[in-house]
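Descriptive analysis of the structure
What follows is each chain in one-letter form.
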Amino acid sequence: MRRLRAGLTAMITGSLLATASLFAIAPAAPALEVEGQTSFVAVPTKAKLINYRWYAFEGGAVMYVVMELPSGAQAGLGGISLEQIRGVQPAFYYGAIQPTAFLGTPRRQGAALPVSASFSNEARSVAISFPDPVPAGSTVTVAFELGVNPPADLYVYSISATPWGPNPIEQDVGVVQMSILDNGGL
């Protein structure tokens, strides 16, 4: 009977140890990869569109796309996509404008980042690419010097983020908007 009890105890202990090892927490990885595709662990959800020039056809207009990357993203930012879903004309009607990018916000600029953009569908969508990953936990700003604001309207864009890594999965961030006001003939 003792042998049977000792054997059962050893078997149960071994099973518990094997089960516990299945639930062990793995060390943090640089990105979440599932079947060879990279994904954010925590998707960016804070983004905004800023233009300090508010009136239609006003000169010196710069459109800023600001995105906060959560520190728990566990993947750097590889790109941002904007798709215009409302607005009387494409925001880039006057031509494709290669952006600049930096860490921080428009009024608190940090280090410059290399960036490029490709425009499609008559400039109603923009794919922004970073050749080097923007680190998780950062705020990044992409600036487009429009030169002249578009006509008065509410301009709305869907925005998504692409993680840095092999076969990245683009993930929705949300919707951002920019109001351009009628200057009333001023």
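Placed above this text is the structure.
Residues numbered from 1 in each chain as written. Predicted model: local features only at pLDDT ≥ 70, side-chain atom pairs only at ≥ 80, totals over all residues. Heavy atoms only, no water.

1. Focus: the packing of aromatic side chains
Filter applied, for reference: Here a Phe, Tyr or Trp ring, Trp counted by its six-membered ring, pairs with any other such ring whose centre lies within 6.5 Å, and the pair is stacked when the planes are under 30 degrees apart, edge-to-face when over 60, and tilted otherwise. Numbering of helices and strands runs from the N terminus, with a helix taken as a DSSP run of H or I at least four residues long and a strand as a DSSP run of E at least two residues long. Relative accessibility thresholds used throughout: buried, under 20% of the residue-type maximum; exposed, over 50%; partly exposed, between the two (1.4 Å probe, protein chains only). The criterion is that NZ of a Lys, or CZ of an Arg, lies within 6 Å of the ring centre and within 35 degrees of the ring normal, and then a charge sits over that ring.
The final tally for this structure, using the stated rule, is two aromatic pairs. Summarising the aromatic geometry, the rings of Phe 119 and Phe 144 are spaced 6.3 Å apart at their centres and angled 75° between planes, so their arrangement reads as edge-to-face. On the criterion of sequence distance, the pair formed by Phe 119 in strand β8 (residues 116-120) and Phe 144 in strand β10 (residues 139-148) is long-range, its members being 25 residues apart. Residue classification places Phe 144 among the buried residues on the basis of a relative accessible area of 0%. Note that Arg 107 overlies the ring of Tyr 52, its terminal NZ or CZ placed 3.9 Å from the centroid.

2. Digging into a nonpolar patch on the surface
Our working rule: Nonpolar side chains (Val, Leu, Ile, Met, Phe, Trp, Tyr) within 5 Å and like charges within 9 Å form the patches, drawn only from residues with over 30% relative accessible area and no salt bridge. The Shrake-Rupley method, run with a 1.4 Å probe sphere, supplies the accessible areas, and residue values consider only the shown protein chains as cover. Whenever Lys or Arg places a side-chain nitrogen within 4 Å of a carboxyl oxygen from Asp or Glu, that contact is recorded as a salt bridge.
A contiguous nonpolar patch, built from Trp 54, Tyr 55 and Leu 181 and spanning about 310 Å² of accessible area, is present on the exposed surface. Under the relative-accessibility criterion, Leu 181 is labelled partly exposed at 40%.

3. A look at the sheet that holds strand β9 (residues 125-134)
Let me state the cut-off plainly: Strand pairing is assigned whenever DSSP detects at least two bridges linking the two strands. To get an axis, a line is fitted to the C-alpha atoms, and for a helix only the part in contact is used. The angle between two axes follows their N-to-C directions and goes from 0 to 180 degrees.
Here five strands make up an open sheet; going across it, the order is β8-β9-β5-β11-β12 and the pairing antiparallel. Each edge of the sheet is formed by a strand with only one pairing partner; in this case those strands are β8 and β12 (171-180). With direction set aside, neighbouring strand axes in the sheet form an average angle of 20°. The sheet contact formed by β8 and β9 spans five bridges and is antiparallel. Counterpart to Ser 118 in the pairing with β9 is Ala 127.

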